[in-house]
Amino acid sequence: MILAASISGCESGGKDADNPLLAAYNTPFEVPPFDKIKDEHFKPAFDEAFKQHNVEIAAIIQNEEEPTFENTILALEKSGKLLSKVSTVFGNLNSAHTNDALKALAVELAPISSAHRDNIGLNDTLFNRIKTVWENRDDLGLNAEQYKLLEDTYKGFERGGANLNEEDKARLREINSQLSVATITFGQNLLEETNAYQLVVENEEDLAGLPAGLVATAANVAKASGQEGKWIFTLQNPSIMPFLQYADNRDLRRQIWEAYQNRGNNGNDKDNNEVLVTIANLRLEKANLLGYPTHAHFVLEEAMAENPDNVYKLLNDLWKPAIAKAKVEAYDIKKEIEASGESFEPAPYDWRYYTEKIRQKRYAIDENELKPYFSLASVTQGAFDVANKLFGLTFTRLDNVPTYHEEVEVYEVFDNDGSHLGLLYADFFPRASKRGGAWMTSYKRQQTIDGKRVAPIISIVCNFTPPVGDQPALITFDEANTLFHEFGHALHGLLSNVTYESQAGTAVSRDFVELPSQIMENWAADSEVLKMYAKHHETGEAIPDELITKLENAGTFDQGFATVEYLAASFLDMDFHTQTAKITQSASDFEKVSMDKIGLIEEIIPRYRSTYFNHIFAGGYSSGYYSYIWAEVLDSDAFAAFKETSLFDQATAESFRKNILERGGTEKPSVLYHNFRGKDPNPVHLMNKRGLN
Ligand SMILES: [Zn+2]
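Residues numbered from 1 in each chain as written. Predicted model: local features only at pLDDT ≥ 70, side-chain atom pairs only at ≥ 80, totals over all residues. Heavy atoms only, no water.

Draft legend 1. Looking closely at the environment of Pro472. Within the element layout of this structure, Pro472 appears in the loop between strand 9 (457–461) and helix 17 (477–494). Overall, the relative accessible area of 35% leaves Pro472 in the partly exposed class. Separated by 55 residues in sequence, Pro472 and Asp417 place their C-alpha atoms 33 Å apart. Residues contacting Pro472, with those up to four places away along its chain left out, are Pro467 and His537. (Helix = DSSP H or I, 4+ residues; strand = E, 2+ residues; numbered from the N terminus. Buried < 20%, exposed > 50% of the residue type's maximum accessible area, 1.4 Å probe, protein only. Contact = heavy atoms within 4.5 Å.)

Structure representation (structure tokens):
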């Protein structure tokens, strides 16, 4: 880092005019000036941000007045603004558009950030001030938001180890530092392993069965890498998944699938086996230090699920009908293989291929027939229209806002009274600099300062099928669902209406945060809504009733597989994190024992195998992958509230907005849900939706 030394020469206050991260953003809506931010700006900006944060914390600690809500809790809430400003830009770029410099800096910063957090979280004087305010909590005349902020702050310090003795604190610091590096290493290894593999096809006959769009994209990829005339398929989802679904060449399906399911497991310098065992064991040691039997107990204390027993109960309840359904599906696949004159046992790389054949026969539905109706532009417009019908929001494309990549789109979002609600960035297509999957994030979170609402800046990042030639991007129905999903998270961030930044929008437990996202998928798949947005990209004609009927008939098709691969990964996550003793076997042995225990069938592998389970070893979903199905109980029940009235019922939408979307983390999720629905969620709606009863 060339400029690392320059910061020491800065005057106090450090307003380095040459570093856009340290200056006020002089841009429309004060968005990050991506056109001016360079890799070398981050290190000095972080140095200055840590320094400023330390000065702010020292002022709280050295305050000679008695600790109060204002001079301690609120002062803490207001501290570290520069650090979060720099971290959000860095973290988002490092996920969506990284490079070697950013990757190296992430590794360099991880232990520094970890130590910085612990210096604050384990400071006795600071914790004693917080404790004093906490002990007087009932005499302070706090409103509900303030009370929750105090409670979260106190608990956060307690859970961060503030009550430990000096020896344990020292060990905790070491663990946190090692974990920070190990989790980053895991994610970086995975990205490199994903980018490292290409299936290069040289003979046209090996393309048999593949849709024209996929073939054209593969030709483009080959051309871009100097291999014109060949076809390259990658381990990114929009490439490998349709390849597995359509490629007639079984051996090529096997090759690409082997590469996919062995990412991080190749015995090279990007191998994740040891890394992940280290992570799981460090998490256990940390939980024990803090007085919890396992990492899952530690994590789930803060979740709606509350404890591992409740999670396992839900997973087990769903597993029985799901695996039964998957076995029937596996039998159908076996029959289909026989019917095609072959005589092999179905392997995991056969599942999607023969399922597609059965889908076409049984429901006369061909995904290629659907695609023209799902241009990315019409699906995006569909999501906007649903938000308009529910909440009166409108969206206008902006062209004068700097972005970090030419493909990024920016929209201004207006509320139902025409006032500015916030900004929405959308970054849709895969590239080697982007990690896999889809996510929502923010550049600025909503808050209220001096009675004035600070508008949020939200972003959604996806890996959708890219456009080919002069055709628009045509995405799959699954990808359309994902777009609505991430857009739902974005609405949670955009409609947030709280006082304190730390409680804004998605600052809720993992098993509740998927409610606002997943409920949107219900609209995406509803026939009335499909008519609204699924328009043919050439003729503008709405999707025919006949196709909608086919889609609906096929609605629970292959749900045994989908549920089983998801539940298997959820069990794996829970098993890794409910260990009460350090794991001594290899990651693959551990995974095998875990999967044998639930009786996973050989034709299906977990949605994520251990060495590429980014959610739990690099993302924030450890002991939390179950959250999607937990929240599906909520979202299918919440959507039933609309079905019971009407799809865009204004009173129900208003209640969902006021009681859930606006409230962020200002109240316990179970209370928020009850305020909306008037009763607890009923799991029967989930079972119906997945055809599991
Ligand atoms: Zn989500």
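Having seen the structure, we can now continue with the description.
Draft legend 2. Representation of the nonpolar core within the structure. With 168 residues, the main nonpolar core has Phe233, Phe374, Leu424, Trp523 and Tyr533 as its most contacted residues. Looking at this core, the element that brings in the most residues is helix 13 (residues 308–339), giving 12 residues. When sequence neighbours within four positions are dropped, the list of residues in contact with Phe233 reads Gln198, Leu199, Val201, Leu207, Leu210, Leu214, Ala218, Ser239, Phe243 and Ile256. Grouped together as the second largest cluster of nonpolar side chains are 33 residues, Ile37, Val89, Val408 and Trp439 included. (Core = buried A, V, L, I, M, F, W, Y, C linked by side-chain atoms within 4.5 Å.)

Draft legend 3. Main features of the environment of Asn143. Within the element layout of this structure, Asn143 appears in the loop between helix 5 (124–135) and helix 6 (144–159). A polar side-chain atom of Asn143 sits 3.1 Å from the main-chain amide nitrogen of Glu145. (Polar contact = N/O pair within 3.5 Å; in protein donor to acceptor, adjacent residues only side chain to side chain.)

Draft legend 4. Broad picture of helix 14 (residues 348–363). For helix 14, which comprises 16 residues, the first-to-last C-alpha distance of 23 Å matches the rise-based estimate of 22 Å (1.5 Å per residue) to within 8%. Along helix 14, the residues that are buried comprise Pro348, Tyr349, Asp350, Trp351, Tyr353, Tyr354, Thr355, Glu356, Ile358, Arg359 and Tyr363. Next to the buried residues of helix 14 lie helix 9 (237–246), helix 10 (250–261), helix 13, helix 15 (367–370), helix 20 (545–553) and helix 21 (559–577). Looking at the residues trailing helix 14, positive phi occurs at Ala364, about 50 degrees. (Expected span 1.5 Å × (residues − 1).)

Draft legend 5. Representation of the coordination of the zinc ion. Taken together, the protein ligands of the zinc ion are His485 (NE2), His489 (NE2) and Glu514 (OE), with distances of 2.1 Å. Binding-site remark: the zinc ion is held by donors from one chain whose sequence spacing is H-x3-H-x24-E. With His489 in helix 17 and Glu514 in helix 18 (residues 510–524), this pair connects stretches of sequence that are 25 residues apart. When sorted by exposure, His489 lands in the same class as Glu514, which is buried. (Donors = N, O, S within 2.8 Å, 3.2 Å for Na, K, Ca; no water.)

Draft legend 6. Structural detail: the sheet that holds strand 6 (residues 439–444). In spatial order, the strands read 3-4-5-9-6; together these five strands make up an open sheet with mixed pairing. With partners counted over all chains shown, the strands left at the sheet margins are strand 3 (394–398) and strand 6, one partner each. Across the sheet, the mean angle from the axis of one strand to that of its neighbour is 25 degrees, orientation sign disregarded. Along the sheet, helix 17 contacts strand 3, strand 4 (409–414), strand 5 (420–427), strand 6 and strand 9; its crossing angle with strand 9, the most-contacted strand, is approximately 170 degrees. (Pairing = 2+ DSSP bridges. Axes fitted to C-alpha atoms, helices over the stretch in contact; angles between N-to-C directions.)

Draft legend 7. Highlighting the pattern of salt bridges. The final tally for this structure, using the stated rule, is 46 salt bridges. Taking the shortest distance from any N to any O, the salt bridge between Lys155 and Glu151 comes out at 3.9 Å. A residue pair is termed a helical-turn pair when its members lie 3 or 4 positions apart in one helix, as Lys155 and Glu151 do in helix 6 at four residues. With a shortest N-O distance of 2.8 Å, Glu632 and Arg690 are connected by a salt bridge. In this pair, Glu632 is assigned in helix 24 (residues 627–644) and Arg690 in helix 27 (residues 684–690), connecting sequence segments 58 residues apart. The pair Glu632 / Arg690 is uniform in exposure class, with both members buried. One network of salt bridges, in which partners are shared, links Asp100, Lys103, Glu192 and Lys270. (Salt bridge = Lys/Arg side-chain N within 4 Å of Asp/Glu carboxyl O.)

Draft legend 8. Summary view of helix 18. In this model, helix 18 (15 residues) spans 22 Å end to end at C-alpha, consistent with the 21 Å of a helix rising 1.5 Å per residue. Most pronounced at Pro516, the bend in helix 18 amounts to some 35 degrees. Of all 15 residues in helix 18, 13 are buried, a share of seventy percent or more. (Bend = angle between axes of the 7 residues up to and from the residue.)

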